[in-house]
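Listed below, chain by chain, are the residues.
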Amino acid sequence: MVFASGSGAGGAAGRPQVLTARFVRQVVLGRWFMVFACLLILSASGATYIFSIYSKVLKSSLGYDQRTLNTLSFFKDLGANVGVLSGLINEVTPPWVVLAMGAAMNLAGYLMIYLAIDGRTARPPVWLMCIYICVGANSQSFANTGALVTCVKNFPESRGVVLGLLKGFVGLSGAIFTQLYQAIYGDDAKSLVLLIAWLPAAISVLFVHTVRIMPYPRSSRRRGPSAATSNDAFFCFLYISIALAAYLLIMIVVQRQVNFSRAAFAVSSAALLLILFLPLAVVVKQEYKIQKELEESLREPPTVTVEKPAAAASLQLAVAQSMTTGTEAAEPSSTQPSRSSSCLGSCLRHMFSPPAQGEDYTILQALVSVDMLVLFLATICGVGGTLTAIDNMGQIGQSLGYPSKSINTFVSLISIWNYAGRVTAGFASEVFLERYKFPRPLMLTLVLLLSCVGHLLIAFGVPQSLYVSSVVIGFCFGAQWPLLFAIISEVFGLKYYSTLYNFGSVASPIGAYVLNVRVAGALYDAEAARQHGGSLAGAGDKTCIGVECFRKSFLIITAATVAGALVSLVLVWRTWNFYKGDIYAKFRESADANADAAEEEAEAEDLKRPKETAEGEIGSTEVNGRKR
């Protein structure tokens, strides 16, 4: 079978040959390889979720108390969730600039942390460590913006599937890191920080020119979905991600029962990498289909169409009219300042007069609305509580007497169920909404109430219950994000969604600061001081042992989460009629209107054609035996 590039046909079998440099180039430059690159970038961009693994060595090496450690955790969450800067840069630069900047920030921030805890540099002040971890964590938003936003723009008709899939890989990244660092460095938490510093940066630099905006395929516009835009490949990626999550879960269970050596971790990590690179087979398959479709289209008889002279005349007339309109618009330039001030005044006047739910709110209308305030408060309580548990999981396990191996298991469980929560909440809420008109805010309420189970298990220190609480908290933390972002898009519209999306994310560091730093950190230090003679001054052991270390903190967090669930019921009540209606009707009506307009235009052209033929105008000319 020989590939004949001149005629566009294959050999006798009529199929393209894959073992050629030309096909390899097609794969590497194709849109599906770009998706594969985004999957790898985001699977290494969740270092913020494994803070609890290296927080113990951070605390002991630098002599921090729990409140100082939680302050670092707050700046980590602040950097990870404030992505306005990366979004603004992405607006004016290509994606490779954002990815390169993110790689540099990741390497610089986490490398300086590693050098500090390894004693290779002088002990930095706390404010400088806060800057280091904030910069390193902020690289996660650069990776998300550069990879995820670009992927959505390249597949605009599959944006929901794309978002769920890529966010799911972010959720799995913590468990992936946990497996890899034990295979490469052994059970050394300091070396985990080094791995976090170089691995995400290396992956981003490797694919920095692969991730780019690509033109939408013309063939799909003419003939419907093709291999270049089909959702089949995304579902294959989803099945692979489920297999990856299942494998990680099995490894967690096995490693808890069996004492793995470093060689055993190396074998399990090799299998992990094999599954992680399995989407490459889907990429090759899709590119093969694209090449096959291209060859089949080249075998079809060509059609040549000659445009009518009248069309050129009408084009010239349209250009002349647009120039006239532009001139008329430019004449009253002296009134522009007054119009601008009038527009500003109008925005301020209508700020407290929002449109109906589901219509496009302005940014000010959304930010001062009761619905946004309620959603923001519920998110502060819900995400803030689960994030506090995730960031303190290392100290929680240590205080309750769990071994280091089990603490790594908790972090991996959180990562896997974080993935499960994101995927489940996204798909399940859509199904329940479509079939039963089940409001998304009510599902958010149920998730908040479920997270209270995990908080109470920690508060009362039920024996061996930290495994269950890790699962519950990881699932609920992941489930809140797609529900939050979907509610914002549905209630406030899509016109200013990018800004409102980032505003919703700000609730996470606020909740983490209040519940993690001011509540959990302060109460932990108070109990530790009581156990160590009433003071934690000086360098020494500042560890707290026993259920009392986090009991009060998580009872307060449980109460705050219940309060958040009650607040979210206000949003359920306010949006009940909205969600019981057809919230996507306006999108279908717009599509129907466009289709009707196209049909009317086609009918008008058909009515003109007989008259033009009678007058002797030149019609379209076709080849291959058709009428000329």
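That block above? That's the structure.
As the structure is a computational prediction, the values presented were derived from the model and not from experiment.

So, how was this worked out
- Residues numbered from 1 in each chain as written.
- Predicted model: local features only at pLDDT ≥ 70, side-chain atom pairs only at ≥ 80, totals over all residues.
- Heavy atoms only, no water.
- Helix = DSSP H or I, 4+ residues; strand = E, 2+ residues; numbered from the N terminus.
- Buried < 20%, exposed > 50% of the residue type's maximum accessible area, 1.4 Å probe, protein only.
- Contact = heavy atoms within 4.5 Å.
- Areas by Shrake-Rupley, 256 points an atom, 1.4 Å probe, with all protein chains shown as cover.
- Disulfide = S-S within 2.5 Å.
- Expected span 1.5 Å × (residues − 1).
- Bend = angle between axes of the 7 residues up to and from the residue.
- Axes fitted to C-alpha atoms, helices over the stretch in contact; angles between N-to-C directions.
- Parallel < 35°, antiparallel > 145°, perpendicular 65-115°, else oblique.
- Left-handed = near helix turned anticlockwise from the far one by under 90°.
- Phe/Tyr/Trp six-rings, centres within 6.5 Å; stacked < 30°, edge-to-face > 60°.
- Arc of directions from axis to C-beta.
- Salt bridge = Lys/Arg side-chain N within 4 Å of Asp/Glu carboxyl O.
- 1 Å grid on protein atoms, 1.4 Å probe; cavity = no way out; pocket = protein on both sides within 12 Å on 5 of 7 lines; lining within 4 Å.
- Points joined across faces, edges and corners; volume = space filled by probe spheres on them.
- Nonpolar A, V, L, I, M, F, W, Y, C, P; charged D, E, K, R; others polar.
- Core = buried A, V, L, I, M, F, W, Y, C linked by side-chain atoms within 4.5 Å.

Undergrad: So what exactly am I meant to see when it comes to the overall build of the chain here?
TA: Along its length, the chain carries 25 helices and 0 strands. Taking all 628 residues of the chain together, 48% fall into the buried category. Sequence separation of 24 or more characterises 82% of the internal contacts of the chain that already satisfy a separation of 6 or more. Accessible area for the chain stands at about 29,200 Å²; split by element, carbon and sulfur atoms hold 65% of it.

Undergrad: Even after reading the chapter, I still don't get the state of the cysteines, so can you show me in this structure?
TA: Here a disulfide denotes one covalent bond, and it connects the sulfur atoms of two cysteines. Inspection of every chain in the model, using the stated rule, returns 1 disulfide. Here C544 engages in a disulfide with C549; their sulfurs sit 2.0 Å apart. Around the S-S axis, the bridge from C544 to C549 shows a dihedral of about -90 degrees and counts as left-handed. One exposure class covers both C544 and C549, and it is buried.

Undergrad: What is the right way to read helix 23 (residues 507-531) from this model?
TA: Each α-helix turn comprises 3.6 residues. Residues three or four places apart therefore point the same way. The terminal C-alpha atoms of helix 23 lie 34 Å apart, and with 25 residues this matches the ideal 36 Å at 1.5 Å per residue to within 8%. Remark: the principal bend of helix 23, roughly 30 degrees, maps to N516. One or two residues past the end of helix 23 sits G533, with phi positive at roughly 90 degrees.

Undergrad: Would you take a moment to explain the packing of helix 3 (residues 51-62) against helix 9 (residues 189-206) for this structure?
TA: When two helices pack together, you describe them by how their axes are tilted relative to each other and by the distance separating the axes. Packing of helix 3 against helix 9 leaves a shortest axis separation of 8 Å and a crossing angle of 115 degrees. It follows that helix 3 is roughly perpendicular to helix 9 by the angle criterion. Along this stretch, helix 3 crosses helix 9, giving a crossing that reads as left-handed. From helix 3, I53, Y54, V57 and S61 reach across to helix 9, where they touch A189, K190, L192, V193 and I196.

Undergrad: It is not clear to me how unusual backbone geometry should be interpreted in this structure. Could you clarify?
TA: For residues besides glycine, phi is generally negative; the peptide bonds are generally trans as well. Unlike most non-glycine residues, K437 shows phi in positive territory, near 55 degrees. Along the polypeptide, K437 turns up in the loop between helix 19 (404-436) and helix 20 (440-460). At Q464, a residue that is not glycine, the phi angle is positive and equals roughly 60 degrees. Note that Q464 resides in the loop between helix 20 and helix 21 (466-492).

Undergrad: For this particular structure, what's the right way to read the packing of aromatic side chains?
TA: The relation between two aromatic rings is expressed through the spacing of the ring centres and the mutual angle of the planes. Taken as a whole, this structure holds 21 aromatic pairs when the rule is applied. Consider the rings of F410 and Y467, whose centres lie 4.8 Å apart with planes at 70 degrees: the pair is edge-to-face. Here Y467 lies in helix 21 and F410 lies in helix 19, a separation of 57 residues in the sequence. Accessibility expressed as a relative area gives 13% for Y467, which makes it buried. Among the aromatic side chains, those forming a connected cluster through ring pairs are F33, F36, F207 and F277.

Undergrad: When you look at helix 1 (residues 21-29) in this model, what are you seeing that I'm missing?
TA: Of the positions making up helix 1, those classed as buried are F23, Q26 and V27. Down the axis, helix 1 shows its buried residues gathered within 100 degrees of arc, on one side only. Away from its buried face by more than 90 degrees, helix 1 exposes A21, R22 and R25.

Undergrad: Mind showing me how you'd approach the pattern of salt bridges here?
TA: Two side chains that carry opposite charge are able to pair once their charged atoms sit near each other. Considering all chains together, one arrives at 7 salt bridges under this definition. Note that R120 and D118 form a salt bridge whose closest N and O atoms lie 2.6 Å from each other. Linking R440 and E490 is a salt bridge whose minimum nitrogen-to-oxygen distance equals 2.5 Å. Here the residue R440 occupies a position in helix 20, and E490 occupies one in helix 21, the gap between them amounting to 50 residues. Residues joined in a network through salt bridges with shared partners are K76, D77 and D391.

Undergrad: Can you walk me through empty space enclosed by the protein in this structure?
TA: Rolling a probe over the atoms, with the probe sized like a water molecule, indicates the empty space that remains. Using the criterion set out here, one finds 3 cavities of 30 Å³ or more in the structure. The volume enclosed by the largest cavity comes to roughly 150 Å³. Lining the largest cavity are 18 residues; nearest its centre among them are S45, N106, S139, Q140 and P200. Those elements that provide at least two residues to the lining of the largest cavity are helix 6 (95-117), helix 7 (126-154) and helix 9. The residue inventory of the lining of the largest cavity, partitioned by class, reads 10 nonpolar, 8 polar and no charged.

Undergrad: Explain the nonpolar core to me, please; I cannot follow it from the model alone.
TA: Nonpolar side chains tend to gather and get buried jointly when the protein is soluble and globular. In this structure, Y54, L58, M129, F237 and L244 are the most contacted members of the largest nonpolar core, which totals 140 residues. Looking at this core, the element that brings in the most residues is helix 21, giving 15 residues. Ignoring sequence-local partners within four residues, the contact set of L244 consists of F169, L172, I176, L272, I275 and L276.

Undergrad: Whenever I open this one, the side chain of D371 confuses me. Can you help?
TA: Here D371 is to be found in helix 17 (residues 370-391). On the accessibility criterion, D371 (3% relative accessible area) is buried. Dropping the residues within four chain positions of it, D371 is found in contact with Q357, V491, F492, L571 and R574.

Undergrad: Teacher, can you tell me more about the environment of C549 here?
TA: Mapped onto the fold, C549 is located in helix 24 (residues 548-580). Through-space distance from the C-alpha of C549 to that of I396 is 8.0 Å; in sequence the pair is 153 residues apart. Aside from chain neighbours lying at most four places away, what touches C549 is S399, L523, Y524, E527, Q531 and C544.

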